[in-house]
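As a plain string of letters, each chain reads:
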Amino acid sequence: VPRKAEKTKKSIGAGPRVEDRGDDNEGAAASGSDGDGCAEEEVEVSGGEAGRTTSKGKPGKAKMRTVSIALPGEIVQNAQSHMLRTQLAGLVARAVAIFKVQEIVIFSETGSIRFDDDGPKQGKKGRTDPSVFLARLLQYIECPQYLRKHCFPVHDDLKLAGLLPPLDAPHHLRRYEHSRYRDGVVVSARHADGGTEETTSSNLAYIGLDGAVTIDRKLRPGIRVTLDLGKEGAQGRVGRGTVVSRSTPVASGDTYWGYNVRIADSLDEVLSECPYGQYDLVVGTSDRGTVLGENNIREPRTFSHLLIVFGGVPGLEECHRKNGEKYGDGVKSLFDMYLNTCPGQGT
């Protein structure tokens, strides 16, 4: 989770991951908790930049379009049981994958999220904060099945994870499926050869196949990476892998490679802590918005980074009311477009 990794990772428990740091950065970062705190290391990766002609006619960096959505974690409070809350997270993840959304931002309608590093449960009646719960489930679903035990410790929030529908995204490869790119996790030599010696860095990665593969650099065990296995990997002959940006499979073949999950304390932080620098088209949804199809709605402009914000049961207006000191001009002023995508609602 790019935002507040030192707090979020401890609470959610997802393993560190080599991540893109936006269009203006050439490297990637891995953020995560190692038990004593959260470490962040810069990792130079190969790929991620497809050739593109700039306005001056010179080759430049490719800036792929991204689609992000934001929704309040409180939506899971409307579900009456842990099972229904788990299934709700699964439905959100499936919808996001179908429409190739690259980022999910979970924010709090109340303006604060409770983090508790002392144990797996927190909040009223020992229940995890709803935003943390939803973020944890969404991260778990996005992770390929063969990596989940490496990236997620046992937690009460995941006790019904077996009910989650399969995401079946292109990076969720089965053992018998071949691909040039494959997600993996760096493992120590102890795990690879059955030895007992712990290592602080390793050039071995587990990618869901028999044995570990050698990668082109040494990284801290536990880091999730995307590997380029070359033409041999696409044919099922895996020997070595090159660590690449997770955007490389997307840039090279328009392949959807999952989503990131980010936590924001408030609607204000959803906008101000954009990992791409700034969202250039922000759309709000509300039953008080402009109805799609009306003559007074303008054509959406071309965008590089689109953000669509959904409200909870009370709506974005209530979220604005609770944080009114930040948005003095009204909630509509936060958005380039404020739309009613479901007119004539009966409730």
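Residues numbered from 1 in each chain as written. Predicted model: local features only at pLDDT ≥ 70, side-chain atom pairs only at ≥ 80, totals over all residues. Heavy atoms only, no water.

## Notes on the pairing of strand 14 (residues 281-291)
Consecutive side chains along a regular strand alternate between the two faces of the sheet.
Okay, so step 1: Judged from the four bridges that link them, strand 14 and strand 15 (residues 305-309) form a sheet pairing that is parallel. Within strand 15, the residue paired with V283 across the bridge is I308.
Okay, so step 2: For strand 14 and strand 16 (residues 337-340), the ladder comprises five bridges, and the chain directions are parallel. Paired with G284 across the bridge in strand 16 is Y338. (Pairing = 2+ DSSP bridges. Helix = DSSP H or I, 4+ residues; strand = E, 2+ residues; numbered from the N terminus.)

## Focus: the environment of T226
Okay, so step 1: If you trace the backbone, T226 turns up in strand 11 (residues 224-228).
Okay, so step 2: Between the C-alpha atom of T226 and that of V244, which follows or precedes it by 18 residues, the distance is 5.8 Å.
Okay, so step 3: Not counting residues up to four positions away in its chain, the partners in contact with T226 are R182, D183, T242, V243, V244, S245, R246, P249 and W257.
Okay, so step 4: A polar side-chain atom of T226 sits 2.8 Å from a polar atom in the side chain of D183. (Contact = heavy atoms within 4.5 Å. Polar contact = N/O pair within 3.5 Å; in protein donor to acceptor, adjacent residues only side chain to side chain.)

## Regarding the nonpolar core
Okay, so step 1: Counting 39 residues, the largest nonpolar core has L71, V96, I104, I106, L134, L138 and Y259 as the members making the most contacts within it.
Okay, so step 2: For this core, the elements supplying multiple residues, two or more each, are strand 6 (66-72), helix 2 (82-98), strand 7 (103-107), helix 3 (130-142), strand 8 (181-187), strand 9 (202-206) and strand 13 (260-264).
Okay, so step 3: For this core, the element with the most residues is helix 3, which contributes eight residues.
Okay, so step 4: In this structure, V96 is in contact with I69, V101, I104, Y256 and Y259, ignoring residues within four places of it in sequence.
Okay, so step 5: Core analysis: the next-biggest nonpolar cluster, separate from the first, contains 17 residues, V270, Y276, V282 and F335 among them. (Core = buried A, V, L, I, M, F, W, Y, C linked by side-chain atoms within 4.5 Å. Buried < 20%, exposed > 50% of the residue type's maximum accessible area, 1.4 Å probe, protein only.)

## What about helix 2?
Okay, so step 1: In this model helix 2 runs 25 Å from its N-terminal to its C-terminal C-alpha over 17 residues, within 8% of the 24 Å that 1.5 Å per residue would give.
Okay, so step 2: Of the positions making up helix 2, those classed as buried are H82, R85, T86, A89, G90, V92, A93, V96 and A97. Down the axis of helix 2, the buried side of the element spans an arc of 160°, and every buried residue falls inside it. In helix 2, the exposed positions angled more than 90 degrees off the buried face are occupied by L91 and I98.
Okay, so step 3: Against strand 6, strand 7 and helix 3 lie the buried residues of helix 2. (Expected span 1.5 Å × (residues − 1). Arc of directions from axis to C-beta.)

## A closer look at a nonpolar patch on the surface
Okay, so step 1: A surface patch of nonpolar side chains, about 240 Å² in accessible area, is lined by M83, L84 and L163.
Okay, so step 2: In this structure, L84 sits in helix 2.
Okay, so step 3: The exposure class assigned to L84 is partly exposed, which follows from its relative accessible area of 34%. (Patch = residues over 30% accessible without salt bridge, like charges linked within 9 Å, V, L, I, M, F, W, Y side chains within 5 Å. Areas by Shrake-Rupley, 256 points an atom, 1.4 Å probe, with all protein chains shown as cover. Salt bridge = Lys/Arg side-chain N within 4 Å of Asp/Glu carboxyl O.)

## Structural notes on the packing of aromatic side chains
Okay, so step 1: Tallied over the full model, the rule gives four aromatic pairs.
Okay, so step 2: Between Y276 and Y279 the ring centres are 6.4 Å apart and the planes differ by 75°, which places this aromatic pair in the edge-to-face class. The two residues Y276 and Y279 agree in class, both being buried.
Okay, so step 3: For the pair F335 and Y338, a centre-to-centre distance of 5.5 Å together with 20° between the ring planes defines the contact as stacked. Assigned by exposure class, F335 and Y338 land together as buried.
Okay, so step 4: The aromatic ring of F303 is capped on one face by R65, whose charged end is 4.6 Å from the ring centroid.
Okay, so step 5: Here R148 stacks its cationic end above the ring of Y140, 4.7 Å away from the centre of that ring. (Phe/Tyr/Trp six-rings, centres within 6.5 Å; stacked < 30°, edge-to-face > 60°. Lys NZ or Arg CZ within 6 Å of the ring centre and 35° of its normal.)

## A word on the sheet that holds strand 6
As a general point, the strands of a sheet are linked pairwise by backbone hydrogen bonds and lie either parallel or antiparallel.
Okay, so step 1: Spatial strand order, 13-7-6-15-14-16: six strands in an open sheet with parallel pairing. For this open sheet the edge positions go to strand 13 and strand 16, each flanked by a neighbour on one side alone. Across the sheet, the mean angle from the axis of one strand to that of its neighbour is 25°, orientation sign disregarded. (Axes fitted to C-alpha atoms, helices over the stretch in contact; angles between N-to-C directions.)

## Describing the pairing of strand 13
Okay, so step 1: Taking burial as the measure, the five residues of strand 13 include five buried ones, the bulk of the element.
Okay, so step 2: Here strand 13 shows two buried faces, one formed by N260, R262 and A264 and the other by V261 and I263.
Okay, so step 3: Two elements, strand 7 and strand 13, share five bridges in a ladder whose sense is parallel. Counted as the bridge partner of I106 is I263 from strand 13.

Structural measurements only, silent on function.
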